[in-house]
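Observations on the model geometry
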Amino acid sequence: MFDARRVQLVLLAIIGVFAVLSSAAVQQQPCTVDKKECVFHFDVEHRLTMMDHKTLTFAENGKLYAYDVTNTSNATAIPMENVISADGYGTPRLVTVVNGQFPGPDIVVYEGQRVIVNVRNLLPNDAVTIHWHGLHQEGTPWMDGVPHVTQCPIHPMHSFRYDFIAKPKGTFWWHSHMGTQRTMGVFGAFIIKERIETDVEDRIMQIQDWNHDHDSDHGHMQMVFGGYVGRDKFQGYQQLDSTFYSIFQIQSGLINGRGRFYQQNNIGHNGAPLTTYSVKQGKRYRFRVIGTGALYPFRVSVDGHNISVIASDGYDIEPEEAESFIINPGERFDFELSADQPVGNYWIRGITLVKSRYQRADAILRYEGAADAEPTTSRRQCTASRRCMVINCPFTYYPEQYIDCKTFDHLRSADVNDPAPAYAAGKFQEHFLNFAFPGIKSYPGSVNGKSFETPDVNLLTQPTEWHSPCDSPKCGLDNHCKCTHSLSVGNGDTVQMVFMNMGVGRGWAHPIHMHGHSFYVLKMGYPVYNDTTGAFVSQNSDVECRGNQYTGPEKSFCNEAVWSNQSWRNGNVPGLNLQRPPRKDTIIVPSGGYVVIRIKADNPGIWNMHCHIELHNIDGMQMVINESFSQVPKAPKGFPECHSFPPSQARLDQEDGSSNPQVETTPGTYFVLFIMFTVL
């Protein structure tokens, strides 16, 4: 018997399949300059390193082979794109990836285009969100991708559509903001290009530390409860200035997901394949370098070539010729390279700043016409007559001979018409924020002694359903507590913040990342170092920690700091670069030092601010900026809400009464039609 209803359902199913296929085809196309809207699709799922589908591989001489090959000289190598090789370590490690790629797919768009990213969570056990690192999300604060701050997590088998305008132009990246998924592999480049023609080609370089045994969840537990290698206690590493790194062991460095496992002497290695950058002699190239790691900074250089550092975190600076630069997790640096050397192969190097030892992240710069071979080049030797300049040092004195440091605050913006927001009486705020691990018996990550308590609702769209004040007796001058730390700023205010790393909880440098803004870097204050060894001696005296109920300022929790010289208040700090300060969204705060930054409060929203060292962030070293909340635009209709059960009294009151209607806003507004059917 003819069943019209059944035929209708089958047709709907066929139409749905064709719609999915059509959508997938669109997503594979590049986002060209003529398009107004660019659509991407992310599937988040698990993979294993060193596996070609179901076949284990091993590395030798820069290539990969099936596990059962005994003579590689007569064997066919497995294509590198088939395998997530990481550092080539033989035992597969679980990774979390987007579209099967590590790193995930690059997003390259043009300034002003509308970007739509459909995220589908295929993880069996974990929720996910995606943060668009460095994008201000003006008008779309609910697309910032911070779980329980701007959105509810995307649960397993659920999907979420991100929809926003691509601005400003520059080098950015996307990554999960859920737990430790970022360093598990959920990250990728996000490049916003200007709508101008240029003959300088781009190259993307994502550099990270790597542990092939375990992930940052494991590392965080070791940081909290103690780390061991076998029956030996892991003491952690020191930085070149004798300050510390947290207890997270680095075994390799990766560039675009590839690296090598070196022996302790950094000479012998396992022959894993590396990333290769092809260049043509006589041309110039813009390398967009993104620090995607968990903890360790890298000093980046190219053998045989000087580099010109031209931008950081999306903002152009006056070009600085350098031998190398230092990049921390969350930061981005762009440099230009002229391919003006003899045709050949040259090492691109990233080395860590670990005292008495270091790990390497290697890639190959290969000129067209060069042999398919590994470089034999060496690092430049720094001499008295040819000193080396290093950009973005986390200290003022590089403890190696013939090396000069240029700290970030000594760089200058390339834009002569972008001064820092000015002081204005009645519209100026100053806040001292100490990112540290203060304590007596326990040492949680905190800001001003407040360890962040993550809400069980979305703060941005459900503000009345959460209450975790930071004014309890447990929070105070020489205490630490757990609460949802929020800093309120008024619309149009000039807000000066002093990021610090002082008191009893200092000792580890912190790359601090601010969402919703790029701040003006006005001044950096460093501790006192030993003139000979470069080792840390004492913290900077410009800031008075107060409290110090124990034995002195370095024993204070430093929760309520002020300027030691009170005449520095109201924006009168000497040495501020107000005319052409560089702009950034992630800045390293040296142990025992401080950074003075400013923003203009012109972007209503709730913006996360935190240390970008993954272990420190999940340990509580974060807070939120509550900016002009009454002017935050309404989220799209149907925007997900989240809460615990039993519900809060505020939710019960809301459900008993009439809820506030949500209005549609563009971009970010979209309509989704769900068609459910069963074929009988």
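Residues numbered from 1 in each chain as written. Predicted model: local features only at pLDDT ≥ 70, side-chain atom pairs only at ≥ 80, totals over all residues. Heavy atoms only, no water.

1. Let's talk about the overall build of the chain
Of the regular secondary structure elements, the chain holds five helices and 44 strands. Taken over C-alpha atoms, the radius of gyration comes to 26 Å for the chain, in line with the 26 Å a tight globule of 680 residues would show. Seen through its principal axes, the chain has C-alpha atoms that stretch 95 × 75 × 55 Å. Counted over contacts in the chain with a minimum sequence separation of 6, partners at least 24 positions apart contribute 76%. Accessible surface for the chain amounts to roughly 28,900 Å². Of this, 51% is attributable to carbon and sulfur atoms. For the chain, the distance from the average site of its 57 positive side-chain charges to the average site of its 69 negative ones is 2 Å. (Helix = DSSP H or I, 4+ residues; strand = E, 2+ residues; numbered from the N terminus. Rg over C-alpha atoms; globule rule 2.2 N^0.38 Å. Contact = heavy atoms within 4.5 Å. Areas by Shrake-Rupley, 256 points an atom, 1.4 Å probe, with all protein chains shown as cover. Lys, Arg positive; Asp, Glu negative; His and termini not counted. Charge placed at Lys NZ, Arg CZ, Asp CG, Glu CD.)

2. Let's talk about the nonpolar core
Core analysis: the largest hydrophobic core is formed by 82 residues, its most contacted members being Phe-325, Leu-365, Met-497, Phe-499 and Met-609. Looking at this core, the element that brings in the most residues is strand β25 (residues 360-367), giving four residues. Not counting residues up to four positions away in its chain, the partners in contact with Met-609 are Leu-433, Phe-435, Met-497, Phe-499, Ile-512, His-513, Met-514, Gln-622, Met-623 and Ile-625. Ile-130, Phe-160, Phe-172 and Ile-606 belong to the second largest nonpolar core, which has 38 residues in total. (Core = buried A, V, L, I, M, F, W, Y, C linked by side-chain atoms within 4.5 Å. Buried < 20%, exposed > 50% of the residue type's maximum accessible area, 1.4 Å probe, protein only.)

3. Describing the side chain of Glu-336
For Glu-336, the position within the fold is in strand β23 (residues 332-338). A polar contact is formed between the side chain of Glu-336 and the side chain of Arg-284, at a distance of 2.8 Å. Those residues in contact with Glu-336 that sit more than four places away from it in its chain are Val-200, Arg-284, Tyr-285, Arg-286, Ile-307, Ser-308 and Ile-310. (Polar contact = N/O pair within 3.5 Å; in protein donor to acceptor, adjacent residues only side chain to side chain.)

4. Some points on the packing of aromatic side chains
Inspection of every chain in the model, using the stated rule, returns 32 aromatic pairs. An angle of 70 degrees between the planes, with centres 5.9 Å apart, marks the rings of Trp-132 and Phe-190 as edge-to-face. On the criterion of sequence distance, the pair formed by Trp-132 in strand β8 (residues 130-133) and Phe-190 in strand β11 (residues 187-193) is long-range, its members being 58 residues apart. No difference in accessibility class separates Trp-132 from Phe-190, as the two residues are buried. For the ring pair Phe-234 and Tyr-237, a centre distance of 5.3 Å and an interplane angle of 85 degrees mean the geometry is edge-to-face. Both residues of the pair, Phe-234 and Tyr-237, belong to the buried class. Counting every residue linked through ring pairs, the aromatic cluster contains Phe-42, Trp-132, Trp-142, Phe-160, Tyr-162, Phe-164, Trp-174, Phe-190 and Phe-639. We note Lys-584 situated over the ring of Phe-408; from NZ or CZ to the ring centre the distance is 4.9 Å. (Phe/Tyr/Trp six-rings, centres within 6.5 Å; stacked < 30°, edge-to-face > 60°. Lys NZ or Arg CZ within 6 Å of the ring centre and 35° of its normal.)

5. Regarding the state of the cysteines
Here the structure, examined in full by the defined rule, presents seven disulfides. A sulfur-sulfur separation of 2.1 Å characterises the disulfide bridge that pairs Cys-545 with Cys-558. Its S-S torsion of about -80 degrees marks the bond between Cys-545 and Cys-558 as left-handed, since a negative value means left-handed. Of this pair, Cys-545 sits in the loop between β38 (543-544) and β39 (562-563) while Cys-558 sits in the loop between β38 and β39, and the two are 13 residues apart along the sequence. In this structure Cys-545 comes out as buried when scored by relative accessible area, which is 2%. Lacking any disulfide linkage, Cys-611 is separated from the closest cysteine sulfur, that of Cys-558, by 17 Å. Judged by its relative accessible area of 0%, Cys-611 falls in the buried class. (Disulfide = S-S within 2.5 Å.)

6. Re empty space enclosed by the protein
Per the stated rule, a full pass over the model turns up three cavities of 30 Å³ or more. Taken as a whole, the largest cavity spans an internal volume of roughly 100 Å³. Along the wall of the largest cavity there are 15 residues; nearest its centre are Gln-239, Tyr-245, Leu-295, Ala-509 and Ile-613. In the lining of the largest cavity, the residues fall into eleven nonpolar, four polar and no charged. Each pocket or cavity is described by its volume, and for the second largest cavity that value is around 70 Å³. Considering the residues around the second largest cavity, the lining is formed by Arg-93, Thr-183, Gln-208, Asp-209, Trp-210, Asn-211, His-214, Asp-215, Ser-216, Phe-248 and Ala-294. In terms of residues, the lining of the second largest cavity owes the most to one element, strand β12 (residues 201-210), which gives three residues. Of the residues contributing to the lining of the second largest cavity, the split by class is three nonpolar, five polar and three charged. (1 Å grid on protein atoms, 1.4 Å probe; cavity = no way out; pocket = protein on both sides within 12 Å on 5 of 7 lines; lining within 4 Å. Points joined across faces, edges and corners; volume = space filled by probe spheres on them. Nonpolar A, V, L, I, M, F, W, Y, C, P; charged D, E, K, R; others polar.)

7. Details of the pattern of salt bridges
Counted by the stated rule, this structure contains 34 salt bridges. Residues Asp-316 and Lys-169 are paired through a salt bridge, measuring 2.9 Å at the closest nitrogen-oxygen approach. One end of the pair, Asp-316, is in strand β21 (residues 315-322); the other, Lys-169, is in the loop between β9 (159-165) and β10 (170-176), with 147 residues separating them in the sequence. Asp-316 gets classed as partly exposed once you look at its relative accessible area, which sits at 33%. A single salt-bridge network, built from bridges that share partners, covers Lys-169, Lys-193, Asp-202, Arg-286, Arg-288, Asp-316 and Asp-334. (Salt bridge = Lys/Arg side-chain N within 4 Å of Asp/Glu carboxyl O.)

8. A closer look at the sheet that holds strand β17 (residues 275-279)
Spatial ordering of the open sheet is given by β17-β25-β24-β19-β22-β26-β27, a layout of seven strands whose pairing is mixed. On the outer flanks of this sheet lie β17 and β27 (403-406), each paired with one strand and no other. The sheet shows a mean angle of 25 degrees between the axes of neighbouring strands, direction not considered. The pairing of strand β19 (residues 298-302) with strand β22 (residues 324-327) spans three bridges and is classified as antiparallel. Its bridge partner being in β22, Arg-299 is matched across the sheet by Ile-326. (Pairing = 2+ DSSP bridges. Axes fitted to C-alpha atoms, helices over the stretch in contact; angles between N-to-C directions.)

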